[in-house]
Structures are given as C-alpha cells and as structure tokens.
Amino acid sequence: MKNTVILGAMTVAGLVAGTAHADTLGDVTDRGSLNCGVTTGLVGFAAPDANGVWTGFDVGVCRAVAAAVLGDSNAVNFVPTTGQTRFTALASGEIDMLARNTTWTFSRDTDLAFEFVGVNYYDGQGFMIPSELGVSSAKELDGATVCIQTGTTTELNLADFFRTNNISYEPVPIETNAEAQQQYLAGACDVYTTDASGLAATRATFENPGDHVLLPEIISKEPLGPLVRHGDNEWGDIVRWTLNALISAEELGVTSANVGELAGAAGDNPEINRLLGTEGELGSYIGLDADWAARAIGVGGNYGELFEDNIGENTPIGLARGLNAQWTDGGLLYSPPFR
Amino acid sequence: MSSMTEPPKQSFRLSQLIYDTRYRSMTIQVIAAILIALGFAWLLNNTIQNLEALGKDFRFGFLNNQAGYDINQRLIDYNSQSTHLRAAIVGMLNTLLVAVLGCITATILGVFAGVLRLSKNWVVSNLMAIYVEGFRNVPLLLWIILIFAVMTESMPQPRDFRGDEPVASMALGDSVAVTNRGIYIPRLGFENSLGASGAEHQAAVDAAVADGTEVPPPPSSWADWLVLAGVLGASIFAARVVTKRADVTQQATGIRPTTWYIRLGLIVIPTAIALFALGATIVQPYLKGFNFTEGVHLRNSLIALWFALSLYTGAFIAEIVRAGIMAVSKGQSEAAFALGMRPNWTMNLIILPQAMRVIIPPLISQYLNLTKNSSLAIAVGYMDVRATLGGITINQTGRELEGMLLMALFYLVLSLLISGAMNVYNASTKLEER
Ligand SMILES: N[C@@H](CCC(=O)N[C@@H](CS)C(=O)NCC(=O)O)C(=O)O
C-alpha cells in the first residue's frame, strides 16, 4: 500500500514537473507580461531612467517582443541580472528571454543549452585606461591591475590575451558594471576591460570622459544578441523574427513614423506587405496575429532608430554604426527575407 | 502496585492507532516518515524531470576541463590553463585561509574583549561594551563593505608613491606599503631554496650577473617552510622535555632547576641555523611598473573579509567568554585571593581554565559561523570557493546543480572537521568526574 502511495505521488509530481518548461508563449500570454533579463544598469543598453522606466537598446528588444506577443510594450518585467546570474535565471525559467549584451559563443549555444536568436550588436573587447598613465597599447600593460566582470567572456579573453603576449596582470573580479566603474575611478585598478560598447557607455557617464582613453586593441569578437532556452523552438522563432523584423524594417524604410500608415493597407512593396501583415499570413506561422511586426516596430522604431536614439552618434555614448550598419551600407546586419 | 489488574485482552482495533497512547506515537512517526520520504521522492523526481526538460545531464566531467580564467590570490600553482577542479581547490584553500586567519584573530579579540568587559575600570569595560554591541548588532555584510570601501577610496594609489616628492610613502622604514589595492608587507626569501625553485633561482641569478641586469629576489618554496616548521616543532618538543624533567626534579627535591636559558637556546639556535643554511633574507616590496611587486600582497578583499569576520565574530566570542567567566563561582577567585594570588594569576590559572568548559561548546558554533560567513566574500570579490567553483565555473559550464552540491559538500565536510577537532579539545578540557 505504501508503495502505491509513493508511486502515485511520483506520477503526480512528474506530471507537474514535466509541464514546467514546455510552452513559453502560453506562459507569457497567460501571465500577461514578459519576463526579460537585462543588465543591472548600463546606460544606453539597459538602465532605468530618472522616472524608473527601463530604457536602452537591449530594453528596446524586450519591448518589441512584448508588443508583438502581448500588444503592450509596457507589459515587461525587467529582471536585472549580473554576468554570473543571467544564465541560471534563463535556464531556471525565471526569465523568458535574456537581452543583456551577451556574447554568442559555441559553449553557451550548445553546452549551456541556450539558443541565440541573432545578433543585435557586433562588438569586441577593448581596454579603457586613464590618459595620464600614458599607455598607448594593450601590450604595454604588463603588471597592471585589471578590473573585470566575472562570469563573462571578457574574463576568458583577457586570460588568453595576456598569456599569448607573455605578460602578467592582476585581475580584480567584480560583479556589476557600477562596481567596476567605482573601483576604476578610485584607481583600485589601472585598466577596465569589457566590450567596447560597454566601455563607451560607461565612459559617457564619467564626470570627465576626456581623461580616459580606449586603447586601440580590440582583442576578441563579441557578437551580442538576445537568447532563449533550448527546446522551445516556437518561442525562439518569435524572438528571432521580432529581431529580424526590426532589422528588415530599417532596410525596407519602415519607421516608427510611417509604420501605421504602411500597415493600414497593402502597398507596392510585397516584402513590406508581408512584414506588416497586409499580405500573406506570416504571423500565423509563429502563433501571432497579422499585425505583430507592425506593433514591434511601432514601439521604438526600426533597428536604426533604436540605435540612434539609445547609443548612436547623437547620444552621449556616441557609437558609430560601423559593423552594425545594414549590409547594403557595408555593415554586417542582414536579415533573412520575410517570405 | 502488584495488585494492578491486567487489562482484559481484547482484539486490536484500527482506531487504537489514534486513540491508544501505546500506539499513537508510533502511528505519528510512521506517517511522518512516509511524508518525509514522499517529499524527498518528489524533490528528486522533480529535479530529474526538470534536468531532462532542459536537456541537461548530471555529470562531474566538467571538473577536468580547462578553466580558462585567472585567479588573483593563489596558494598553489594555478593558471588559466589549469582545470576547473584545480580552480575549485584554489578557491577552497582561499576559504580555508580566511577562515583560519579569522578564527585566530576573532578568538584573540574575543578573549581580550570578554575579559576586559568585566574589568573594574569603568572606561575599559564600557569601551568593550560599545565594541561588542556595535559589532554584534550591525550586519556583517555592512562591515565587510565598509572596510573594503575605506581601503579602496581613501588609501593612496601605487602611483602616488612615485616621483621626487611622492604624495604617499611607505611605512615602517620603507618596508610596508599601504595602497588602495591592498597592503604589501615584506616576506622571507631563501637564497638556497630547496627543490626546483632553488635551482631556477640560481640559474636566474647567474644569467642576471652575466647580463649585468637586476638580480632577482630569492624565492621561497613549500619545502623551505616545511623544513623550518619541522625544525621549530622539534625544538619546541625538546624544550618541553626539559620542562618535564624540571617538573620531575622539583617533585623529587623540591628545588626547581633553572631551565629558561636551556629552553631558549633549544628553540632559537636550531631555527637560526636552519634560517642561515637556507640563506634567509627579507624581501621588501618595491614599486615596479603599475604596482608594487615582491613581498606579500594582502589584497583589499582579503583584508576587508578577514577584519570584518574577526571583529564581528570576536564580539560574539567576547560575550561567550564573559558568560564563561561569570559561570565560575565567586568563591574560586576569593579562595585564590586568600592564597595571595595576584589578579592576573587568578584569571589565568584559576578562572579561565574552569571557564573553558563553558566557553568551548558555543565557541565551536562561532567558528562554524565564521567559516560559513566567509562566503560573503562575494561582496568584495575575494576568490573563495563560492567565487571559483560556485561562481565562474558554474557560469562557464552551466553545471549549477553539480557545482552547488560540491560546494555544499565542501562546507559540510569543513564544518564537521572543525567541530570534530573542537570536540576532541573539549573532551580534553572538560571536568573529569570521578
Ligand atoms: N559580452 C560579454 C560581457 C557582457 C557584460 O558583462 N557586459 C557588461 C559591460 S558591457 C555589462 O553589461 N554590465 C552591466 C551589468 O553589470 O549589469 C559576455 O557576454 O560575457
């Protein structure tokens, strides 16, 4: 009799547990909000503004997905994650997607069982150092104390860089960008190293940004992109094609200003029509309605608008498009066709 | 009593399981056991199911993979190409280091503060009360962060020591540098270091002399320290034998032979010879490039964690010591005074040995607390086992469950070892009842 009770309980438990991670889209719609993992605060990419509203380039991706899926760009719970906590948060289901300048690497994609849905910023690791130290190359950093965020690719690239150049360094491991900034400004480390975009964003918040230089070396490839868990391909498709919709929209000239008009009725460009749902039924293939992409683009505009508003040359962060220009402009952004 | 009648034998009814006091406790225990077993079965099953749903398995093979990251404080050889297992061991040793240092200083602080809090001097006893209450009642994390922040924000940078009129200068005859990256103190180096490091050093010195470059400072290896510790241990043992013999003589003749110079000689001379043979020299830290090099680098993270743990736990130990002393009956000290003993003799020879019996059991749990609290290292980036195995390794390999289980096992074993050792000590000090 004892055994039957235990077996019975185990089957019940099994049923409960088995359904835990099956249907992210269903979970999100039932909940009515999207749990999106972001940084603990990196101005331009993801940080709460003066009113406590999260804004930034990565935040824009979260909001676009929420708009596509739920029709409300504000239905997002932003979950701040550190370099170390982000993967556990995603794997455990605490967040539905992660948009936190995370580098797409082989082991994260396979061994850690995540699925990178694309790249929203092509980056590389750089070094920032006070100009008064007179250092002009990262190869002159022998013996320097270096601040790094733990649980990042930064940490691994740094070890490789110093080892292959046969120079030594003293790592100071740090949890968040804010802490790193404080340690660096207090002079507890000589150098701060992370993704070049992150360095630019951090430097923009300094009192005297001009006192600090970025060294010319970019020591790694850091394709940053949003990711989801392995094993829920439907949800992965939604996030992937929302990102692609933002990128295609820029290529096709769909902006936040004209998306309403273009989505109102079918126009001459068939790809725009398919993207905005005035022709065909692409939305239904990913379990959404016809307007999904129009809503996503309506939030913060297309990829180019998101870039210019948050991190572009007219913002304090002042990043040039560079590699992140459309392929038609000599960059690497290339969305597969909407067809 | 014997006239009590046996209750009539009646057949067993199911309701007796609940209403009959003879069976009730049994029933409750069986039900509780089933519930607990079910709970565990559910947890286990849930874990297996969820791992399966995530497409993850449960293996420890990742420990043999290359770690890829560097660790700043290493007690054993380690580089970014070592394995995750070695990184975990480096972290464990760092945890042990701060735990041992912390327990030692916390005990010293606690005993002093506990004894002084009972002082008749109003100022002293109140100062100690402020210390105890101040540290006991503020979360440990705040103390760790406060000490760390003070170190990084208000100490000079290494480059401030440079130039003709430096902003900062080294302390204690240019031997100690207090910087915002930690404190650099001199270390012992051995010209004739044992093992591989000695030969390497000799080769490096020869090369430097040939090239006319700066001669590298002498190294120190584990072997050197082991030899020194061995010599010192043997000397102390010999000195003890001399004391024992003096005791015997005193018992037999009533006259205690003077032995202090023999004992002093036994301890000092062999150690001095060993130091000389190894070619011991003091290596001072000096400024080179971005940082100080040489000497021992006590990083801010270690200092903040060590001091905060010591001060915090010391406050609790002070209360334990005070309670232990107060538990010794007043008659004991009155009797000691009546025999003409001075107060510090009374404390050392009469009160403390008896108070120990009361002090040690709660002291064990303070040591355990300190050891486990050392995982607050996360706040200041001290590379303990939580930071290596439980932090970066988990993050790079995605092996949360395995990593956390190993870490829990480490803390469990460590705690059991500490309490085991302390229990042995407790058994040796406890009152022998006859
Ligand atoms: N791309 C690297 C590093 C990502 C990273 O940690 N970036 C920093 C600076 S660019 C960050 O976002 N920090 C924000 C925070 O501390 O929450 C990775 O994926 O491992």
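Calculation notes
Residues numbered from 1 in each chain as written. Chains lettered and ligands numbered in written order. Predicted model: local features only at pLDDT ≥ 70, side-chain atom pairs only at ≥ 80, totals over all residues. Heavy atoms only, no water. Near = heavy atom within 4 Å. Polar contact = N/O pair within 3.5 Å; in protein donor to acceptor, adjacent residues only side chain to side chain. Areas by Shrake-Rupley, 256 points an atom, 1.4 Å probe, with all protein chains shown as cover. Helix = DSSP H or I, 4+ residues; strand = E, 2+ residues; numbered from the N terminus. Nonpolar A, V, L, I, M, F, W, Y, C, P; charged D, E, K, R; others polar. Domains from an automatic or database assignment. Pairing = 2+ DSSP bridges. Contact = heavy atoms within 4.5 Å. Buried < 20%, exposed > 50% of the residue type's maximum accessible area, 1.4 Å probe, protein only. Buried area = accessible area lost by both parts, 1.4 Å probe. Salt bridge = Lys/Arg side-chain N within 4 Å of Asp/Glu carboxyl O. Phe/Tyr/Trp six-rings, centres within 6.5 Å; stacked < 30°, edge-to-face > 60°. Patch = residues over 30% accessible without salt bridge, like charges linked within 9 Å, V, L, I, M, F, W, Y side chains within 5 Å. Lys, Arg positive; Asp, Glu negative; His and termini not counted. Charge placed at Lys NZ, Arg CZ, Asp CG, Glu CD. Axes fitted to C-alpha atoms, helices over the stretch in contact; angles between N-to-C directions. Core = buried A, V, L, I, M, F, W, Y, C linked by side-chain atoms within 4.5 Å. pLDDT = per-residue confidence, 0-100.

### Looking at the site of the ligand
Residue and element names in this part refer to chain A. In the vicinity of the ligand, 22 residues are found, and the nearest of them are Thr 40, Arg 86, Thr 103, Asn 177 and Asp 195. Between the ligand and Thr 103 there is a distance of 2.6 Å, counted from a nitrogen atom to a side-chain nitrogen or oxygen. Contacts to the ligand include Arg 108, whose side-chain N or O atom sits 2.9 Å from an oxygen atom. Out of a free accessible area of 510 Å², the ligand has 100% covered by protein chains. When contributions to the shell around the ligand are tallied by element, the ones reaching two or more residues are helix H6 (153-164), strand S11 (191-195) and strand S13 (222-224). Looking at the shell around the ligand residue by residue, the class counts come to 2 nonpolar, 15 polar and 5 charged. Both domains that meet at the shell around the ligand, namely domain 1 (22-122 + 223-329) and domain 2 (125-220), each give it at least three residues.

### Side note on the pairing of strand S2 (residues 182-185) of chain B
Looking down a regular strand, the side chains alternate between one sheet face and the other. Residue and element names in this part refer to chain B. Pairing geometry for strand S1 (residues 177-179) and S2, over 3 bridges, is antiparallel. Across the sheet, the residue bridging to Ala 177 is Tyr 184, located in S2. Looking at chain direction, S2 and strand S7 (residues 296-299) are connected through 4 bridges and run antiparallel. The residue of S7 that forms the bridge with Ile 183 is Leu 298.

### Observations regarding the environment of B:Ala87
Residue and element names in this part refer to chain B. Tracing the chain through its elements places Ala 87 in helix H3 (residues 84-117). Linking Ala 87 and Met 407, residues 320 residues apart in sequence, is a C-alpha distance of 13 Å. Those residues in contact with Ala 87, other than ones at most four positions away along the chain, are Ala 67, Tyr 69, Ile 71, Tyr 78 and Thr 388.

### Some details on the side chain of B:Ser301
Residues and elements named next belong to chain B. Looking at where Ser 301 falls in the secondary structure, it is placed in helix H9 (residues 300-327). Of the residues examined, Ser 301 reaches a relative accessible area of 8% and is grouped as buried. Ser 301 has contacts with Phe 148, Val 380, Gly 381 and Tyr 382, leaving out every residue within four places of it along the chain.

### Brief notes about the domain arrangement of chain A
Residue and element names in this part refer to chain A. What the domain assignment lists for chain A is domain 1 (22-122 + 223-329) and domain 2 (125-220). Across the boundary between the two partners, domain 1 contributes 19 residues, which contact 16 residues of domain 2. When the two sides are added together, the surface that domain 1 and domain 2 hide from each other amounts to roughly 1200 Å², 58% of it contributed by carbon and sulfur. When the area that domain 1 buries against domain 2 is broken down by residue, the three leading residues are Leu 42, Gln 84 and Ile 317, summing to 30%. Across the contact surface, domain 1 and domain 2 share 0 salt bridges. For the pair domain 1 and domain 2, the interface holds 2 residue pairs in polar contact (both at pLDDT 80 or more). Residues of the side of domain 1 that touches domain 2, tallied by class, amount to 8 nonpolar, 8 polar and 3 charged.

### Concerning unusual backbone geometry
One non-glycine residue, A:Ala113, lies in the positive phi region at around 65°. When you line up the elements, A:Ala113 lands in the loop between helix H5 (106-109) and strand S6 (114-116). Backbone geometry at B:Glu294 places phi at a positive 65°, although glycine is not the residue there. Its place among the elements puts B:Glu294 in the loop between strand S6 (291-293) and S7.

### Notes on the packing of aromatic side chains
All names here are of chain A. Going through the model one piece at a time under the given rule, you end up with 27 aromatic pairs over all chains. A centroid spacing of 6.4 Å and a plane angle of 25° characterise the contact between Trp 292 and Phe 338, whose relative ring orientation is stacked. In this pair, Trp 292 sits in helix H13 (residues 292-300) while Phe 338 sits in the segment after helix H14 (303-310), placing the two residues 46 residues apart along the sequence. For the pair Trp 292 and Phe 338, one class covers both residues: buried. A ring pair is formed by Tyr 303 and Phe 307, whose centres lie 6.2 Å apart and whose planes are at 40°; its orientation type is tilted. Of the two residues, Tyr 303 and Phe 307 both sit in helix H14, 4 residues apart, roughly one turn of that helix. Judged by its relative accessible area of 2%, Tyr 303 falls in the buried class.

### Topic: a negative patch on the surface
Judged by side-chain charge, A:Asp23, A:Asp27, A:Asp30 and A:Glu234 come together as a negatively charged surface patch. Turning to its location among the elements, A:Glu234 is positioned in helix H9 (residues 233-252).

### Focus: the sheet that holds S11(A)
Residue and element names in this part refer to chain A. Reading across the sheet, the 5 strands line up as S10-S9-S11-S8-S12 and stay open at both edges, with mixed pairing between neighbours. Of all the strands in the sheet, just strand S10 (169-174) and strand S12 (212-214) have a single pairing partner and so form its edges. Averaged over all adjacent pairs, the angle separating strand axes in this sheet is 30°, with direction ignored. Note: strand S9 (residues 144-149) against S11, 2 bridges, orientation parallel. Looking at the pairing, Cys 147 lines up with Tyr 192 of S11.

### Topic: the side chain of B:Ser221
Residue and element names in this part refer to chain B. Residue position: Ser 221 is located in the loop between helix H6 (196-211) and helix H7 (222-253). Among the polar contacts made by the side chain of Ser 221, one reaches the main-chain carbonyl oxygen of Leu 194 at a distance of 3.3 Å. Residues contacting Ser 221, with those up to four places away along its chain left out, are Ser 193, Leu 194 and Ser 197.

### Thoughts on the nonpolar core
Residues A:Leu34, A:Met97, A:Trp235 and A:Leu276 are the most contacted members of the largest nonpolar core, which totals 58 residues. By residue number, the principal contributor to this core is helix H3 (residues 57-70) of chain A, which donates 9 residues. Counting residues in each nonpolar core, the second largest holds 57 residues, with B:Trp143, B:Val176, B:Phe410 and B:Tyr411 among its members.

### Regarding the confidence of the model for chain B
Scored by pLDDT, chain B has a mean of 89; 97% of the residues are at 70 or more. Across chain B, the element-wise mean pLDDT spans from 82 in helix H1 (residues 16-19) of chain B up to 96 in H3(B).

### What to know about H13(A)
For H13(A), the set of buried residues is A:Trp292, A:Ala293, A:Ala294, A:Ala296 and A:Ile297. Of the residues trailing H13(A), A:Gly301 is marked for its positive phi of about 90°.

### Examining the environment of A:Pro130
Tracing the backbone shows A:Pro130 in strand S8 (residues 125-130). Among the residues examined, A:Pro130 registers a relative accessible area of 8% and is labelled buried. C-alpha separation for the pair A:Pro130 and A:Ser248, spaced 118 residues apart in sequence, amounts to 40 Å. If we skip the residues at most four places from it in the chain, A:Pro130 touches A:Tyr184, A:Asp190, A:Asp211, A:His212 and B:Arg159.

### Brief notes about the interface of chain A and chain B
With 52 residues of chain A in contact, the opposing surface of chain B contributes 42 residues. In total, chain A and chain B occlude about 3700 Å² of area from one another, counting both sides; carbon and sulfur atoms represent 53% of this. Summed over the shared surface of chain A and chain B, the number is 4 salt bridges. The interface formed by chain A and chain B contains 17 residue pairs in polar contact (both at pLDDT 80 or more). Contributing elements (two or more residues each) for the side of chain A that touches chain B: helix H1 (2-18), helix H4 (86-91), S8, S9, H6, S10 and helix H7 (177-185) of chain A. At 9 residues, H1(A) tops the list of elements feeding residues into the side of chain A that touches chain B. The class makeup of the residues in the side of chain A that touches chain B is 26 nonpolar, 14 polar and 12 charged.

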